[in-house]
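Here is how the chains run, residue by residue.
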Amino acid sequence: MPADRSPKAPLLQVDDLHVEFRTPHGVVQAVNGLSYTLHSGQTLALLGESGSGKSVAAQAVMGLLPTPPAHITRGQIRLHGSDLLQLSEPDHRKVRGSRIAMVFQDALSALNPVLTVGDQISEMFRVHRGTDRREARKKSVDLMDRVKIPGAAQRLDDYPHQFSGGMRQRVMIAMALALEPEVVIADEPTTALDVTVQAQIMRLLRELQQETGMGLVLITHDLGVVASVADRITVMYAGRAVEEAETPELYGNAGHPYTRGLLDSIPRLDRLDHALLPIPGSPPDMARLPPGCSFHPRCPRAAPLCTQQLPDLLPVAGAHGHRSACHFSQEVRHGT
Ligand code: SF4
């Protein structure tokens with residue numbers, strides 16, 4: 001199918017993605033029917049606790065899942081309409097880095113400790129674009145400037161351990177942007193950083209996105225991080241999308257008890273009088289999901305129906321683009 005590059009055409013479409021891990025202890029259904037659409041210049045947050053499937057879904061888009069044990073059993077991942085899952089590994093490798101790039105959460109382990117930062121950024125240009133060494137170093141300095149690393153030219157020959165956590169994350173972002181990808185997937189890009197540096201990195205990603213028009217998929221467990229950057233949020237639980245909406249709608253009218261639980265567990269400036277309430281219990285064992293709605297053992301609204309029937313992700317009445325997978329979304333949304 002020819003690529004559709006009209007401005008209104010979706011940039012990235014994940015459709016009914018299923019990923020399972022076949023282990024000696026059984027099959028783990030890590031992603032179960034995830035769908036989302038990303039447009040140029042848009043930020044989509046995939047939000048959920050650890051084990052919810054958000055990082056596995058990102059690795060599937062990047063073509064980085066280890067097979068075996070991971071197997072994509074169903075679904076499509078279309079970039080400008082072309083299904084990446086139909087690509088051979090060499091062709092997927094060409095897409096990786098140049099058209100879709102990833103910022104990993106732990107820059108210290110993602111960067112090579114024995115190569116200077118300049119060498120690592122330059123390598124992107126040299127390997128993928130055949131740029132000569134001198135020009136690649138010059139482009140690396142420009143990129144380091146762009147991600148606001150002070151004294152970029154002087155820091156080119158420093159090693160990763162000589163940078164602070166926040167500066168290392170900027171190096172990772174520089175590497176991700178080197179080949180001007182259309183989509184950047186940032187997997188918990190600020191988890192290891194303190195709150196002030198977190199805010200700086202998120203602001204930087206937002207600025208770079210506005211400058212380049214790239215689509216950004218932001219993977220996080222922290223609703224507080226996404227409030228000011230995400231246009232849309234997909235909340236994941238136990239491998240499924242349980243709620244999705246534009247960010248203000250999700251913050252104002254969450255229809256799923258899990259999303260409500262996440263909102264109640266973060267400090268919010270508009271609710272300083274509310275006590276913070278953590279969600280009771282832990283995420284389920286993915287190899288032994290409870291029947292019906294996977295959230296029912298932790299849900300304050302659970303009813304007998306919830307233990308028997310899996311709720312579909314359905315539109316929430318009166319809210320464009322808002323969908324929720326709860327048998328009682330309408331009642332929860334209206335606070336009954
Ligand atoms: Fe809770 Fe039932 Fe809704 Fe699941 S379907 S979130 S258990 S009320």
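Whatever comes next refers back to the structure up there.
Counting restarts for each chain, with residues numbered from 1 along the sequence as it is written. Totals for whole chains, interfaces and linings use all residues, but because this is a predicted model, local features are given only for residues with pLDDT of at least 70 and pairs of side-chain atoms are given and counted only at 80 or more. Side-chain figures throughout are based on the complete set of non-hydrogen atoms in the structure, without hydrogens or water.

1. Overview of the nonpolar core
With 97 residues, the main nonpolar core has I185, L223 and I233 as its most contacted residues. Residues are treated as being in contact if the distance between any of their heavy atoms lies within 4.5 Å. Setting aside anything within four residues of it in sequence, one finds I185 in contact with A58, V61, M62, I100, A101, M102, V103, V217 and I219. As used here, the term nonpolar core means buried Ala, Val, Leu, Ile, Met, Phe, Trp, Tyr and Cys residues forming a set that is joined through side-chain atoms within 4.5 Å. Each residue's exposure class comes from its accessible area (1.4 Å probe, protein chains only) as a fraction of the maximum for that residue type: buried when under 20%, exposed when over 50%, partly exposed otherwise.

2. A few points about the sheet that holds strand β8 (residues 215–220)
By this definition, two strands are paired if DSSP reports at least two bridges between them. Here a strand is any run of E in DSSP of at least two residues, a helix any run of H or I of at least four, and the numbering for each starts at the N terminus. Pairing is mixed across the open sheet formed by 8 strands, whose spatial order is β6-β7-β8-β3-β9-β10-β12-β11. Two strands bound the open sheet, and with one partner strand each, they are β6 (100–103) and β11 (314–315). With 4 bridges connecting them, strand β3 (residues 43–47) and strand β9 (residues 232–237) associate as parallel partners. In the sheet register, L44 faces β9, and the bridge partner there is R232. Sitting on the sheet, helix α7 (residues 165–177) touches β6 and β7 (183–187), and the angle it makes with β6 is about 175°. The convention used is that axes are lines fitted to C-alpha atoms, helices contributing only their stretch in contact, and that angles between N-to-C directions extend from 0 to 180 degrees.

3. Section: helix α2 (residues 89–98)
For α2, the set of buried residues is H92, V95, R96, G97 and S98. Turning to α2, the residues buried within the fold contact α1 (54–62), β4 (70–79), β6, α4 (117–129) and α7.

4. Description of the packing of aromatic side chains
Aromatic pairing here means that ring centres of Phe, Tyr or Trp (its six-membered ring) are within 6.5 Å. Orientation follows from the plane angle: under 30 degrees is stacked, over 60 is edge-to-face, and everything else is tilted. Throughout the structure, instances matching the rule amount to 3 aromatic pairs. When the centroid spacing of 5.2 Å and the interplanar angle of 65° are considered together, the rings of Y258 and F295 count as edge-to-face. Taken together, the positions of Y258 in helix α11 (residues 257–264) and F295 in the loop between α11 and α12 (304–308) put the pair 37 residues apart, joining distant regions of the chain. The burial state of Y258 is the same as that of F295; both residues are buried. One aromatic cluster is present, built from ring pairs that chain together Y237, Y258 and F295. Definition used: whenever NZ (Lys) or CZ (Arg) falls within 6 Å of the ring centre and also within 35 degrees of the ring normal, the charge is taken to sit over that ring. Here the guanidinium or amino end of R155 rests over the ring plane of F163, the centre of that ring lying 3.9 Å away.

5. Things to note about the environment of T259
The topology assignment puts T259 in helix α11. Given the relative accessible area of 0%, T259 is considered buried. Along the sequence, T259 and R240 sit 19 residues apart, while their C-alpha atoms lie 13 Å from each other. Beyond its immediate chain neighbours, meaning those up to four positions away, T259 contacts V235, E243, L250 and A254.

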